[in-house]
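Survey of secondary and tertiary structure
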Amino acid sequence: MTAQLIDGNALSRQLRADVTARVTALKARGITPGLAVILVGENAASQVYVRNKVKACEDTGMHSVLERWPATMTEAELLARVDALNADATIHGILVQLPLPAHIDAQKVIEAISPAKDVDGFHIASAGALMTGMPGFWPCTPYGCMKMLESIGYGLKGKHAVVIGRSNIVGKPMALMLLQQNATVTICHSGTPDLKAMTLQADVIVAAVGKRNVLTADMVKPGAVVIDVGMNRNDEGKLCGDVDFEGVRQVAGWITPVPGGVGPMTITMLMVNTLESAERLVA
Ligand code: NAP
């Protein structure tokens, strides 16, 4: 079997076209959706991420503000900026790029963001909303994974999904979203004694670990759907995921590539969340 590709770039283009149309409609009603991105320090990867997020706003017609602050910024100064953006009527989404410098308590800063503008979905109110099935913002990366499953018409009801990784931003929310769609969900982590025994039972595998080749062909049931969230570098310095793509694609039914899979979907879902935050004002 050679797996079919779930193309995150193509799906993103489709979803962003829809976002652009809805932004245009909202602008006609006098509201321009706005995203504020705060970057503290000089982390090289973060610089690329925030640039891509601001560009996505421009491409879809949204307003964006990028605040760059030195790594010496104090926690109190950052909290004051978040407060100001909470009160800014032109801003519908606030994103504080992580990681923050060690002297700033990232959780405290996230909790300072108004839940109504928490488009990253990291606030404890957003996590609680997801857990209880209430309306709220879903974290962008697992939300993008769900859209990828939806795009292939995959019905999760009665399926066994195995999520590898249990972080607050990917693994745990991913598991809750799959559960909400009536999958039977297993969550694996670094303390799971026999990962292969778990993944071999899975109809859907989501790998969100941050280590190359965590999932190899011998660990995958023929026809399974494999979503690769990982972002790593191979020996040649090229971007790669957690999955041994060449091996696993021979066994799986569907697979997401890296690059061009979950990565672009994450930014697309940030656009969707920001737009929906603005749309709530006229709903
Ligand atoms: P994280 O916070 O470091 O969590 C990694 C998880 O993997 C932890 O739960 C850890 O278990 C588990 N783990 C580590 N080694 C394992 C092993 N050998 N077997 C099974 N589980 C293992 O990472 P994250 O923030 O969730 O991100 C995961 C990956 O996704 C990273 O590569 C990150 O760069 C990528 N990512 C990509 C996007 C995107 O847009 N494409 C967005 C976010 C993250 P313990 O809890 O027991 O330590």
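Please read these numbers as outputs of a predicted model, since none were measured by experiment.

Analysis parameters
- Residues numbered from 1 in each chain as written.
- Predicted model: local features only at pLDDT ≥ 70, side-chain atom pairs only at ≥ 80, totals over all residues.
- Heavy atoms only, no water.
- Helix = DSSP H or I, 4+ residues; strand = E, 2+ residues; numbered from the N terminus.
- Rg over C-alpha atoms; globule rule 2.2 N^0.38 Å.
- Buried < 20%, exposed > 50% of the residue type's maximum accessible area, 1.4 Å probe, protein only.
- Contact = heavy atoms within 4.5 Å.
- Areas by Shrake-Rupley, 256 points an atom, 1.4 Å probe, with all protein chains shown as cover.
- Lys, Arg positive; Asp, Glu negative; His and termini not counted.
- Charge placed at Lys NZ, Arg CZ, Asp CG, Glu CD.
- Polar contact = N/O pair within 3.5 Å; in protein donor to acceptor, adjacent residues only side chain to side chain.
- Domains from an automatic or database assignment.
- Axes fitted to C-alpha atoms, helices over the stretch in contact; angles between N-to-C directions.
- Parallel < 35°, antiparallel > 145°, perpendicular 65-115°, else oblique.
- Left-handed = near helix turned anticlockwise from the far one by under 90°.
- Nonpolar A, V, L, I, M, F, W, Y, C, P; charged D, E, K, R; others polar.
- Pairing = 2+ DSSP bridges.
- Near = heavy atom within 4 Å.

Further remarks concern the overall build of the chain. When you go through the chain residue by residue, the secondary structure sums to 10 helices and 11 strands. Taking 283 residues into account, the globule formula puts the C-alpha radius of gyration at 19 Å, and the chain, at 19 Å, falls close to it. In terms of principal-axis extent, the alpha carbons of the chain reach across some 50 × 40 × 40 Å. Residues counted as buried form 48% of the 283 residues belonging to the chain. Residue pairs in contact within the chain that sit at least 24 positions apart in sequence constitute 70% of those at least 6 positions apart. As displayed, the chain has an accessible area near 12700 Å², and 56% of this comes from carbon and sulfur atoms. Computing the positive centroid from 25 side-chain charges and the negative centroid from 26, the chain places the two 4 Å apart.

A separate point is the side chain of Thr192. Summarising the element assignment, Thr192 is placed in the loop between strand 6 (184-188) and helix 8 (195-199). Polar contacts involving the side chain of Thr192 include one to the main-chain amide nitrogen of His189, which spans 2.8 Å.

Looking now at the domain arrangement of the chain. What the domain assignment lists for the chain is domain 1 (30-115) and domain 2 (140-263). Computed from C-alpha coordinates alone, the two centres of domain 1 and domain 2 are separated by 29 Å.

Two elements in contact, helix 2 (residues 44-60) and helix 10 (residues 262-279), have axes whose closest approach is 10 Å; the angle formed by their N-to-C orientations is 55°. By the angle class used here, helix 2 and helix 10 are oblique. Between helix 2 and helix 10 lies a crossing whose hand is right-handed. Residues Asn52, Lys53, Ala56, Cys57 and Thr60 of helix 2 pack against Ile267, Leu270 and Met271 of helix 10. Classifying every residue of the contact of helix 2 with helix 10 by side-chain character gives five nonpolar, two polar and one charged.

Let us now look at the sheet that holds strand 11 (residues 254-255). Reading across from one edge, 1-11-8-7-5-6 is the order of the six strands in this open sheet, with parallel pairing throughout. The two strands at the open ends of the sheet, each matched to only one other strand, are strand 1 (4-5) and strand 6. Direction of pairing for strand 1 relative to strand 11: parallel, over a ladder of two bridges. Bridge pairing in strand 11 places Leu5 opposite Ile255.

Moving on, we come to the environment of Asp218. Its location among the elements puts Asp218 in the loop between strand 7 (204-207) and strand 8 (225-228). Asp218 sits in the partly exposed class, given a relative accessible area of 42%. With residues up to four places along the chain from it excluded, the contact list for Asp218 reads Lys196 and Leu200. Here Lys196 takes part through its side chain, which lies 3.3 Å from a polar atom of the side chain of Asp218. At a separation of 2.6 Å, a polar atom in the side chain of Asp218 contacts the side chain of Thr216.

Attention now goes to the site of the ligand. Close to the ligand lie 20 residues, the nearest being Arg166, Ser167, Ser190, Lys211 and Thr266. Ser190 is positioned such that a nitrogen or oxygen atom in its side chain is 2.5 Å from an oxygen atom of the ligand. With respect to the ligand, the backbone of Met231 contributes an N or O atom lying 3.0 Å from an oxygen atom. No other element matches the three residues that helix 10 contributes to the shell around the ligand. Tallied by class, residues from the shell around the ligand come to eight nonpolar, 10 polar and two charged.

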